[in-house]
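Summary of structural features
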Amino acid sequence: SEFSVRAATEALPMRDAFAVLFFVSVGMLFNWTSILAEPWLLLATLGVILIGKPIAAFVIVILLRYPLRVALAVSVVLAQIGEFSFILATLGRDLKILPENAANILVAAAIISITLNPLAYRFLAKLEKPIARLMPGFVRWTEQRALGESASGKVRKPVGRRPRAVIVGYGPVGRTVARLLRENKIEPVIIEMNVEVVQRLKAEGTIAIYGDAARIDTLTEAGAERAVALVLSASSVSDGGEIVRLARQLNREIRVLARTAYVRELEALRTAGADEAYSGEGEVALAMTAAVLRNLGASPEQIDRERQRVHGEIFGEPKPPGAPRA
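Attention here is on the structure that accompanies the text. (Residues numbered from 1 in each chain as written. Predicted model: local features only at pLDDT ≥ 70, side-chain atom pairs only at ≥ 80, totals over all residues. Heavy atoms only, no water.)

1. Here we look at the environment of A37
Looking at the secondary structure, you find A37 in helix α2 (residues 33-37). Given a relative accessible area of 52%, A37 falls into the exposed group. Each C-alpha atom of the pair A37 and A178 lies 64 Å from the other, and the pair is 141 residues apart in sequence. (Helix = DSSP H or I, 4+ residues; strand = E, 2+ residues; numbered from the N terminus. Buried < 20%, exposed > 50% of the residue type's maximum accessible area, 1.4 Å probe, protein only.)

2. What to know about the pairing of strand β4 (residues 229-232)
Alternating positions in β4 separate into two faces, A229 and V231 on one and L230 and L232 on the other, with burial throughout. Here four bridges tie strand β1 (residues 164-168) to β4, and the two strands are oriented parallel to one another. Directly across from V166, in β4, lies its bridge partner L230. One ladder, built from four bridges, connects β4 with strand β5 (residues 255-260); its direction is parallel. Paired with A229 across the strands is R255, a residue of β5. (Pairing = 2+ DSSP bridges.)

3. Here we look at the packing of helix α3 (residues 39-63) against helix α6 (residues 100-122)
At their nearest, the axes of α3 and α6 sit 10 Å apart, and the two run at 45° to each other. The pairing of α3 with α6 is recorded here as oblique in orientation. Here α3 and α6 pass one another in a crossing that is right-handed. Contacts between α3 and α6 pair L41, L42, T45, L46, I49 and L50 from the former with I105, L106, A108, A109, I112, S113 and L116 from the latter. Across the contact of α3 with α6, the residue classes tally to eleven nonpolar, two polar and no charged. (Axes fitted to C-alpha atoms, helices over the stretch in contact; angles between N-to-C directions. Parallel < 35°, antiparallel > 145°, perpendicular 65-115°, else oblique. Left-handed = near helix turned anticlockwise from the far one by under 90°. Contact = heavy atoms within 4.5 Å. Nonpolar A, V, L, I, M, F, W, Y, C, P; charged D, E, K, R; others polar.)

Below you can see the structure in the form of structure tokens.
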């Protein structure tokens, strides 16, 4: 209804209050002597929660044709039990199905699994890379299934002999860069982690690859070894330096334009081999500099001169095409 947003907003304090009440209640229910009395039962329960549930969820999500990253995320998120388990435990105890100590074990297992779950989720990104390195065929199979491709599906070849450029990310910046490349007779190849975006691009006839650009096989499939440019258009890419390094490993002559959120990350991108690096913070500083000077009555020449000075202080001087690299 038209009142849904307001109702949800005004219910937030109540939600927080109930969350606090929930965890306090769990702590009051916990009897630490149950761990000492039945340690093996607790370990078995934790095994089901932390190992059995994630494996079952992983298999189900893969069978439903989702990619590896989604399957891992769902598996980790489900490696816990929450408040509904206490309702079932209370009901089982009232019906004489569960003994008193079993309910205590469930409470202990819930506290441990809820505590460990955020820590496990933080290591999710680090878990995907070893799996991709040890089982590249399985990872590629899951990605092809998610995209509805056959096991032998290959990226579409570029039209004619048009040069190609690899774009990592297809947000507003990526879309703009891709359009400019097409208008200048350069074939854009999109690397994107959103399956729906990749499927839509392929339906439109654009070369699109689902995968992590920080993996060399993804860059190879995108044709980075013969591309004229690599554009990191997404500021949220966490392995920008690694992507640039791998691209340079495949193609020493590729021109790399990289984007990041923070000015402090620019030097790392340049050190990795980026020809030009830009940050959201720097671009905002340039825009605000121009706005302040315009409000103070500065002339267009003064604004351009000051923008150039600020640009040099923040970004440094870009390398011209063909300049020698370190």
